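Single-letter residue listing:
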Amino acid sequence: MLRRPLLHALLAALAAVPLALAAGLASPAPARPAAAAPVRVMPLGDSITGSPGCWRSVLWNRLQSTGHTDVDFVGTLGPQGCGQPHDGDNEGHGGYLVTTVANQNLLPGWLAATRPDIVLMHFGTNDVWSNIPPATILAAYGRLVEQMRASNPAMRVLVAKIIPMAPPSCPECGQRVTALNDAIDGWAAATTTPASPVTVVDQWTGFSTATDTYDGVHPNAAGDQKMADRWYPALAAALGGVTPTPTGSPTPTASPTPTPTGPAAGCAASYRVVSQWQGGFQGEVTVRNSGAAPISGWTVRFAFADGQRVSQSWNTRLTQEGAEVTARHVDWNGALAPAAQATFGFLGSTAGGAAAGTVTCTAT
């Protein structure tokens, strides 16, 4: 027979066993490792990249379908349609010259806002159109790469041999593109480093201005597919060699969307002369949703003051009656979220200036 003190001790020990088990079960689970930051990819260039630059949507969806789901396309500009869901952030500024971007130090601000790990650069079409020498264009490339490396010493840069050009107003442009592209390999070899490699992506070979563009300059659906097919293997290889830069705070978006304070629906438009030569000019209009609600379409109107006549346009359905110009959206750039924007451009003839009167925009 157990003595009473010993029995009490035994019962107390047995009672403690479930409590200990319960305590073990209640212990917090080990913390899971934080998810890896996505690799940030900046598409950089002019209207071929951004207006609407639908090769980006084709490329994005191919990346997703092949397992590259940890990619964040970044840029201070938002998507402009393209008919399929995709990450549309980009740095494709319609009408811009790479030499202007370099000379005016525009890139550092875009880099600071988006912090890319990889840059896809197809840039120089407007410089070629403006008859800027290849050496000057390549010097601008070099300045941009220096700025990229100042932003991220491990930046990976994919530079395109730009697609061919055959605009009716520039018969010399085709050969100028060839001259630039012929010099890019040597420039890249002199610029690349082990820490920040520069890779040339040949977008020129096999690209036809007759079948792959709608105006001799800008890619159509077939051209978008070809461009995405050329970018994909080079970008997939670059993704395999990137360790995303860790951040101690949430990754900012490329361009914080301001809270709209305007009317429920509305749009605003601005006109600029991209370039001008004897007897002709290139114009560009930027349309922005200035309201608080999405719009499904827009119509822009303005009048020329110097007898200009539009001979060719892109990214719009444009008509002209006398001095009055009316431009409407096309399928891929009519729908704009609040603060989103689209651009369209045109070529015209003029015997004098290239200015336009007041530009109005109506949301539809």
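Residues numbered from 1 in each chain as written. Predicted model: local features only at pLDDT ≥ 70, side-chain atom pairs only at ≥ 80, totals over all residues. Heavy atoms only, no water.

With respect to the side chain of Gln203
Phase 1: By the secondary structure assignment, Gln203 is in the loop between β6 (198–202) and α9 (209–212).
Phase 2: Owing to a relative accessible area of 1%, Gln203 belongs among the buried residues under this scheme.
Phase 3: When sequence neighbours within four positions are dropped, the list of residues in contact with Gln203 reads His122, Ala160, Lys161, Ile163, Lys226, Met227, Arg230 and Trp231. (Helix = DSSP H or I, 4+ residues; strand = E, 2+ residues; numbered from the N terminus. Buried < 20%, exposed > 50% of the residue type's maximum accessible area, 1.4 Å probe, protein only. Contact = heavy atoms within 4.5 Å.)

Thoughts on unusual backbone geometry
Phase 1: The omega angle of the peptide bond from Ser51 to Pro52 is 5°, so this bond is cis rather than trans.
Phase 2: Positionally, Pro52 belongs in the loop between α2 (47–50) and α3 (55–65).
Phase 3: In the Ramachandran plot, Asn105 falls in the positive-phi region, its phi being about 55° despite a non-glycine side chain.
Phase 4: Within the secondary structure layout, Asn105 lies in the loop between α4 (98–103) and α5 (107–114).
Phase 5: Residue class for Asn105 comes out partly exposed when judged on its relative accessible area of 39%.

Examining the state of the cysteines
Phase 1: Applying the stated criterion across every chain yields a total of three disulfides.
Phase 2: Cys267 shares a disulfide with Cys361; S-S distance 2.0 Å. Residues Cys267 and Cys361 share a disulfide whose torsion about the S-S bond is about -105°; that sign makes it left-handed. One end of the pair, Cys267, is in strand β7 (residues 267–277); the other, Cys361, is in strand β14 (residues 360–363), and 94 residues separate them in sequence. (Disulfide = S-S within 2.5 Å.)

Focus: the sheet that holds β7
Phase 1: The antiparallel open sheet is built from four strands, whose spatial order is β7-β8-β13-β10. Whereas interior strands pair on both sides, the edge strands pair on one side only; in this sheet they are β7 and β10 (309–314). Averaged over all adjacent pairs, the angle separating strand axes in this sheet is 25°, with direction ignored.
Phase 2: Bridge count for β10 against strand β13 (residues 341–349) is five bridges, and the pairing is antiparallel. Following the sheet pairing, Val310 is matched in β13 by Gly348. (Pairing = 2+ DSSP bridges. Axes fitted to C-alpha atoms, helices over the stretch in contact; angles between N-to-C directions.)

Digging into the packing of aromatic side chains
Phase 1: By the definition in use, this model includes eleven aromatic pairs.
Phase 2: Centroid distance Tyr141 to Trp187: 5.5 Å. Interplanar angle 70°. Geometry classified as edge-to-face. One end of the pair, Tyr141, is in helix α7 (residues 134–151); the other, Trp187, is in helix α8 (residues 173–191), with 46 residues separating them in the sequence. Of the two residues, Tyr141 and Trp187, neither departs from the other in class, the shared state being buried.
Phase 3: Members of the aromatic cluster, each reached through a chain of ring pairs, are Tyr271, Phe281, Phe302, Phe304 and Phe346.
Phase 4: The aromatic ring of Tyr232 is capped on one face by Arg62, whose charged end is 3.9 Å from the ring centroid. (Phe/Tyr/Trp six-rings, centres within 6.5 Å; stacked < 30°, edge-to-face > 60°. Lys NZ or Arg CZ within 6 Å of the ring centre and 35° of its normal.)

Digging into the confidence of the model for the protein
Low pLDDT marks stretches whose predicted atomic positions should not be read closely.
Phase 1: On average, the protein scores 85 in pLDDT, and the residues at 70 or more come to 84%.
Phase 2: When the elements of the protein are averaged for pLDDT, helix α1 (residues 4–26) gives the smallest value, 45, and strand β4 (residues 118–122) the largest, 98.
Phase 3: This stretch, residues 1–11, has a pLDDT under 50; its non-local contacts, to residues over four places away or in other chains, come to one contact.
Phase 4: Note on residues 13–27: pLDDT under 50 across the span, and zero contacts to partners over four residues away in sequence or across chains. (pLDDT = per-residue confidence, 0-100.)

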